[in-house]
Amino acid sequence: ASMIGMMSSAGGEAPVSSSPYVHGTNIVRWTYQASGNLIMLEFRNRLLQKYASINEACQRFSCDAPPDNRGMTKQEWRRVLLKQGLEWSNKEKDMIFEELDFRQDGHITLSDVHIAVEAAAPVRSMEDLRRRWLASGYPSMTAAIRRAEDLSDTDMDARIPYEDFCKCLKTVSVLDASEHQAVFAAICSDRGSN
């Protein structure tokens, strides 16, 4: 079985609705990077300590965000966090802003916040993997798998060694070894139940 077949049976094919951030089939919108993800993961954890969900946090932020579609500047971002009672240092707020400003234009939107925070969640299941890939700009799980195939020299139509499997995942925003193990275990357990 090919890797696409294994992943599709384990996680399904769920396309993204039309996103203003996907500018092509395989362009990564928010790139998962180890250093940036640590910042975003800490931000995610802090938000979940205060709010029931990331959706709730973003809805609350929208009450204090500028009403236009241009996004928030760094100063406006600081104000929104302060109004929400998130009294972190300006350095911390600025670090988060810099991670979110992927266009490097000095503005972030609430969509940027939501997508990046969701993408920062550790991959422990096929649903987490799906969320990571969608947040990274892939329109479907199949598109991410095809991108991994394009970037590797591994024959995905045959069984592949675990090390090659990990290398393929690294090409599509899954960098952590524990995430590789979780995805591998999820695929193996799903295949065993069929």
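Notes on the structure follow. All of these numbers come straight from a predicted model, not from anything done at the bench. (Residues numbered from 1 in each chain as written. Predicted model: local features only at pLDDT ≥ 70, side-chain atom pairs only at ≥ 80, totals over all residues. Heavy atoms only, no water.)

### Focus on the overall build of the protein chain
Scanning the protein chain from N- to C-terminus turns up ten helices and zero strands. Along the protein chain, from the amino end to the carboxyl end, the secondary structure elements read α-α-α-α-α-α-α-α-α-α. Only carbon and sulfur atoms are counted for the fraction: they give 49% of the accessible area of the protein chain, which is about 9,800 Å². (Helix = DSSP H or I, 4+ residues; strand = E, 2+ residues; numbered from the N terminus. Areas by Shrake-Rupley, 256 points an atom, 1.4 Å probe, with all protein chains shown as cover.)

### Examining the packing of aromatic side chains
Throughout the structure, instances matching the rule amount to seven aromatic pairs. With 6.2 Å between their ring centres and 90° between their planes, Y51 and F61 make a pair best called edge-to-face. Taken as a pair, Y51 in the loop between helix 2 (34–50) and helix 3 (54–64) and F61 in helix 3 lie far apart in primary sequence, ten residues in all. Considered together, Y51 and F61 belong to a single accessibility category, that of buried residues. Ring centres of Y162 and F184 lie 5.1 Å apart, and the angle between their planes is 80°; this geometry places the pair in the edge-to-face category. Taken together, the positions of Y162 in helix 9 (residues 162–170) and F184 in helix 10 (residues 177–192) put the pair 22 residues apart, joining distant regions of the chain. Among the residues examined, Y162 registers a relative accessible area of 29% and is labelled partly exposed. Among the aromatic residues, those joined into a cluster by ring pairs are F43, Y51, F61, W77 and W88. Above the plane of the ring of W88 lies R46, whose end atom (NZ or CZ) is 4.9 Å from the centre. (Phe/Tyr/Trp six-rings, centres within 6.5 Å; stacked < 30°, edge-to-face > 60°. Buried < 20%, exposed > 50% of the residue type's maximum accessible area, 1.4 Å probe, protein only. Lys NZ or Arg CZ within 6 Å of the ring centre and 35° of its normal.)

### Digging into unusual backbone geometry
Not every positive phi belongs to a glycine, and Q104 is a case in point at roughly 60°. Classification of Q104 as exposed rests on a relative accessible area of 61%.

### Examining the environment of R124
Positionally, R124 belongs in the loop between helix 6 (110–119) and helix 7 (126–135). Spatially, the C-alpha atom of R124 lies 6.8 Å from that of V183, the residues being 59 residues apart in sequence. Every residue in contact with R124, bar those within four places of it in the chain, is listed here: S178, E179 and A182. Engagement of the side chain of R124 in a polar contact is seen with the side chain of S178, the distance being 3.2 Å. (Contact = heavy atoms within 4.5 Å. Polar contact = N/O pair within 3.5 Å; in protein donor to acceptor, adjacent residues only side chain to side chain.)

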